[in-house]
Each structure stands twice: as C-alpha cells, then as structure tokens.
Amino acid sequence: MGSRGPTAPGVPRRGGGVVRDRRGHPADHRHPRSPGVRTDLAPDGRGPAGLVAGQRLPRRWRGPDRGGGAGSDTGDGGGGGDPYNNAQNGNSLLGKMIRINVDNFDTPPYHTVPSDNPFIGDPNVSDSIFALGLRNPWRWSFDRLTGSMWIADVGQDAWEEVNYVNPAIMKGANYGWRCYEGNYPYNLSQCGSMPETNKIFPLFEYGHNAQGGYVITGGYVYRGNEFPAFQGYYVCCDYATGN
C-alpha cells in the first residue's frame, strides 16, 4: 500500500490498543497474528511499570523543530473499545504519543519534559503528552524531508487507518479514538456536543476484509534514490493479509 505524501498543510480529518499476551496475541484473539506486547498497567494507565499495548521503546525525536527528546506511543490499554476512555483522558498515558527528555539519570522519574510540549500547564493533561486519541499505533515515523508525522493506527472492528500531520498542527493533535474509528463514529458517549471539533481524521483508511486487511503496519515516506517511482510515497502494509 502507498499513499502520496501531501505537499500542502494537512487538513484535520480522523484514530486504537489491544492487550497482547507474551506471544503477541490479542486478549480477545480477534487478530491472532497482530504484533504487540503485554501490558502490566492497570486499566486507568497508572499501575505498575510495564509496556502497554502498542508501546514501543522510546526513539530519538527527530521532528521538524529538531528539539530533541525521546518519543514513544502507547495503546489504549485494551479491553475492546477502550472501555475506560483512556485515549481521550488526559490524565492517562494510554492511547497517547509521549515526548520526554531522557536526561536525568539520578533522580526519579529519571526524565524531564521538553519545555515546548503542548499541554504544559494544563491540569487536565499530563505534561509529557504530545498527542492523544490513539488506539494502537503501529508504527509512526517522520518524513525526513518535510518533518511531517505519519502514524498507522490499528483499528478495532472495522477500519485500519493512516494519520498524517504536518508540523503546523502536530503538537497537541487529537486523533479521535474512541470517538471515531477511522472516519466513522464509534462511541460518542463522552465526546461532547461537537465531537468532530479539533480532531485529526485519517488521510487513508481501509476496511476489515481480504482486499484490505485487519492489522495495519506503518512504514515510511520513501526518500531514497534506488526506486525513483516511490519518491514521496508513504509505504505501509497489512500484517494479517500482506497487502
């Protein structure tokens, strides 16, 4: 699968986490070949330390501002349909994009928060959160030419999606889960009277079927020289079908 990288500022459109066992199988076994890791966190995201569904080891932040830090994504904690609404809860680190500075090795919590993170000072959102509303992001990357961020987010029951944000709207982005799965309402019960407001909707999505797939795996915008026809395209695939 490929999607041509936008060259103009992105237009907000509309994001998933499944608890995995140690072999990577989801707890409800809906997608037995889904990649992932086990979570030892409580449902509200505040339990004992441990990786959560969809969380990756932190990587160096190479965003457009080159501000440094380490970024990591987290799944929503599982349970099917995000029953605790973690992805939209600013006091939970589940279903989020996290950005911290790994620069403190002596004093707990052994990190600091970049001064330009978008929610610093907001009592309703943790300072370390860079973006929210994700279900099970697998995986995310920057376009090294434009600095835009691409996030492949594994869906719940119906839709797999790719989210794109340019640097101008990247900080504080809300990718919509669990209010929306793909471009479609999923659970609007705690999403306010205007749930579409300030949400980023997918640039690309595909349904759960043999022609599309069931578990998206994100890749990169190709900026190499060996395959000129791929230049500027975002390349991704489906883990279950190989499409």
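If you're wondering where the values come from, they're calculated on a predicted model, not measured in any experiment. (Residues numbered from 1 in each chain as written. Predicted model: local features only at pLDDT ≥ 70, side-chain atom pairs only at ≥ 80, totals over all residues. Heavy atoms only, no water.)

With that settled, the discussion passes to the pairing of strand β3 (residues 70–73). What you see with β3 is no split at all: Ala70 and Ser72 on one side and Gly71 and Asp73 on the other are buried throughout. Taken together, the four bridges between β3 and strand β4 (residues 96–100) define a ladder with antiparallel strand orientation. What sits directly across from Ala70, in β4, is Ile100. (Buried < 20%, exposed > 50% of the residue type's maximum accessible area, 1.4 Å probe, protein only. Helix = DSSP H or I, 4+ residues; strand = E, 2+ residues; numbered from the N terminus. Pairing = 2+ DSSP bridges.)

Attention now moves to the side chain of Asp82. With respect to the helices and strands, the residue Asp82 is situated in the loop between β3 and β4. Buried within the structure, Asp82 lacks any salt-bridge partner; its nearest side chain of opposite charge belongs to Arg178, at an N-O separation of 5.5 Å. (Lys, Arg positive; Asp, Glu negative; His and termini not counted. Salt bridge = Lys/Arg side-chain N within 4 Å of Asp/Glu carboxyl O.)

The next subject is the pattern of salt bridges. Under the criterion given, the structure shown has three salt bridges. Connected via shared salt-bridge partners are Arg99, Asp116 and Lys171.

Turning to its location among the elements, Glu161 is positioned in strand β8 (residues 159–165). Here the side chain of Glu161 touches Gly182 through a polar contact of 3.0 Å, landing on its backbone nitrogen. (Polar contact = N/O pair within 3.5 Å; in protein donor to acceptor, adjacent residues only side chain to side chain.)

What follows deals with the pairing of strand β13 (residues 233–238). The two faces of β13 differ: Tyr234, Cys236 and Asp238 on one face are buried, but Tyr233, Val235 and Cys237 on the other face are not. Across four bridges, the pairing between strand β12 (residues 216–221) and β13 is antiparallel. Looking at β13, one finds that Ile216 is bridged to Asp238.

Our next topic: the state of the cysteines. Counted by the stated rule, this structure contains one disulfide. Residue Cys179 pairs covalently with Cys191 via a disulfide, S to S 2.1 Å. Measuring handedness by torsion sign, the sulfur bridge of Cys179 and Cys191 sits at about -105 degrees and is left-handed. Here Cys179 is found in the loop between β8 and β9 (180–181), whereas its partner Cys191 is found in the loop between β10 (184–185) and β11 (204–207), with twelve residues between them in sequence. Judged by its relative accessible area of 13%, Cys191 is buried. Among the cysteines around Cys236, which has no disulfide bond, Cys237 carries the closest sulfur, lying 7.0 Å off. (Disulfide = S-S within 2.5 Å.)

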